[in-house]
Amino acid sequence: MTPVLLDCDPGHDDAVAMIYAAHHMNLVGVTTVFGNQSIDLVTNNALGLRQLMQRDFPVAKGAGKPLVGERIEAGVVHGKTGLDGAELPTPDRGAEDMHAVELILRTARAHRGELVLAATGALTNVALALSVEPKLREWLRGITIMGGSTGSGNVTQCAEFNIYADPEAADAVLMAGVETWLVGLDVTRRVGVGAADIARLRQGGRLARTMGDLLDFFLQSLKRVQGIDTASLHDPCALVPFIDPSLMEYRHTGVRVELAGGLTRGMTVAELRRLGNVPLGYMRPSPPANVHLAREPSPRLLPHIVQAMLDFDATLT
Ligand code: BDR
Ligand code: CA
C-alpha cells in the first residue's frame, strides 16, 4: 500500500480524508496546520480522530500562522472546535514532541521515493519543509493538494480557503519541482454528501455514527453559509490519484497563485486554453506545466468515499 502523510486542519472533510487514507493507503503520519480553527484545536481534533479510528500513527503539530500576514479560520462552517457536531473520544496519547516539519522530513526520509504528501489545509508546513530540506523534493513520490479553484472561490469571489490562508506558501509548493496533483473547489463541490448518505452512516458503528453526526453539522453549516444542499467532501478528493485514478480526470498544466492582485490575491491562475501550433500573435504562450489539475470527478467517487467510511467502521472493535 502507498505510504501517505496527511497534512491537514481537521475540519469535517479533513476527518473524512483521514479515514479514506487509512482505509485505502498506508497512513503513516498526520501533521496539523492552522486553518479551519486554531492550531491547538485542529491538533486536538486530529488526536480525537486517531483515537476514534483505533490507529497509532504519529500526529505532530505544525504552523499556527501563515508565512505572511494574519491567520484566517473557518469556525463559521466547522464550528467553535473546528469539528462541531459530535463528541470525539478522549485521546489516550498526545502529539509527538516534534514540529510537523520535522515529522514530514523524517517520514519522507524513511519512505524515500515512495511517500505521498497529501495537503488538505494551508500549505505553510509543506513550504517550510521544502525550504529547510531541499532533498525533500527527491524523497517524495508526489504532493497532492486540495486547494484553489478554476471557478468561484469560497473566501473571495476567486480565492479558495486553503490557498488564500497562505498564498506565498501555496505558490512556493506549486513551483517546487515535485510532481504535484491539485484538486480545486470547482471539482470538489461536485462531490457532496446529502441526507441519505448521512442516514446510512448513522446506522453504522461508533465511527460511522460519529461521521454521520459530523457531516450533518457540516451540511447544515454549508446550507446556511453557502446556500448549497450537499456537504462537499473536498479533502478526500486529493487522495484519489493514489487510490483509484479512474475516479478523477486530471490535466497536466500550468498553475500559479496570484500574490499581488488587489481583488485576486490567493487565486489559482490555471492554463485551461488549448493553444494550437501556430504563431501566437497577441496571445501569450502557456506557462510550463507544473501541476496535474483535477477537471472531472467520476459519479462513482462519492459512493466510494462513503463506502470507505462504512467499511473502515466495520473493521473496528
Ligand atoms: C477547504 O477549506 C477547508 O475549510 C476545508 O477543510 C477544505 O480543506 C475547502 O475550501
Ligand atoms: Ca481542510
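For the structure itself, consult the block above.
A. Highlighting the coordination of the calcium ion (ligand 2). Those donors, Asp-9 (OD), Asp-14 (OD), Asp-14 (OD), Thr-120 (O) and Asp-235 (OD), are the protein atoms that reach the calcium ion (ligand 2), and they lie 2.3 to 2.6 Å from it. Sequence spacing of the donor residues for the calcium ion (ligand 2), all on one chain, is D-x4-D-x105-T-x114-D. Of this pair, Asp-9 sits in the loop between strand E1 (3-8) and helix H1 (12-24) while Asp-235 is found in the loop between strand E8 (231-232) and helix H12 (240-243), placing the two residues 226 residues apart along the sequence. According to the relative accessible area criterion, Asp-9 is buried, its value standing at 1%.

B. Just the sheet that holds strand E5 (residues 140-146), in detail. Across the sheet, which stays open at both edges, the eight strands sit in the order E3-E2-E1-E4-E5-E6-E12-E9 with mixed pairing between neighbours. The open sheet has two edge strands, strand E3 (59-61) and strand E9 (248-253), and neither has a second partner. With direction set aside, neighbouring strand axes in the sheet form an average angle of 25°. Where E1 and strand E2 (residues 26-32) come together, six bridges link them in parallel fashion. Considered in E2, the bridge of Asp-7 is made with Thr-31.

C. Representation of the site of ligand 1. Around ligand 1 lies a shell of 13 residues, among which Asp-13, Asn-36, Asn-154, Glu-160 and Asp-235 are the nearest. Contact between ligand 1 and Asn-36: an oxygen atom at 2.5 Å from a side-chain N or O atom of the residue. In isolation ligand 1 has 280 Å² of accessible area, and contact with the protein removes 96% of it. Taken together, the elements giving at least two residues each to the shell around ligand 1 come down to H1 and helix H7 (161-164). The residue makeup of the shell around ligand 1, split by class, is three nonpolar, six polar and four charged.

D. Seen up close, the environment of His-24. In this structure, His-24 sits in helix H1. His-24 sits in the partly exposed class, given a relative accessible area of 28%. Along the chain, His-24 and Leu-239 lie 215 residues apart, while their C-alpha atoms are 9.4 Å from each other. Other than its neighbours up to four places away in sequence, His-24 contacts Met-1, Ile-243, His-304 and Ala-308.

Thresholds, definitions, all that
Residues numbered from 1 in each chain as written. Chains lettered and ligands numbered in written order. Predicted model: local features only at pLDDT ≥ 70, side-chain atom pairs only at ≥ 80, totals over all residues. Heavy atoms only, no water. Donors = N, O, S within 2.8 Å, 3.2 Å for Na, K, Ca; no water. Helix = DSSP H or I, 4+ residues; strand = E, 2+ residues; numbered from the N terminus. Buried < 20%, exposed > 50% of the residue type's maximum accessible area, 1.4 Å probe, protein only. Pairing = 2+ DSSP bridges. Axes fitted to C-alpha atoms, helices over the stretch in contact; angles between N-to-C directions. Near = heavy atom within 4 Å. Polar contact = N/O pair within 3.5 Å; in protein donor to acceptor, adjacent residues only side chain to side chain. Areas by Shrake-Rupley, 256 points an atom, 1.4 Å probe, with all protein chains shown as cover. Nonpolar A, V, L, I, M, F, W, Y, C, P; charged D, E, K, R; others polar. Contact = heavy atoms within 4.5 Å.

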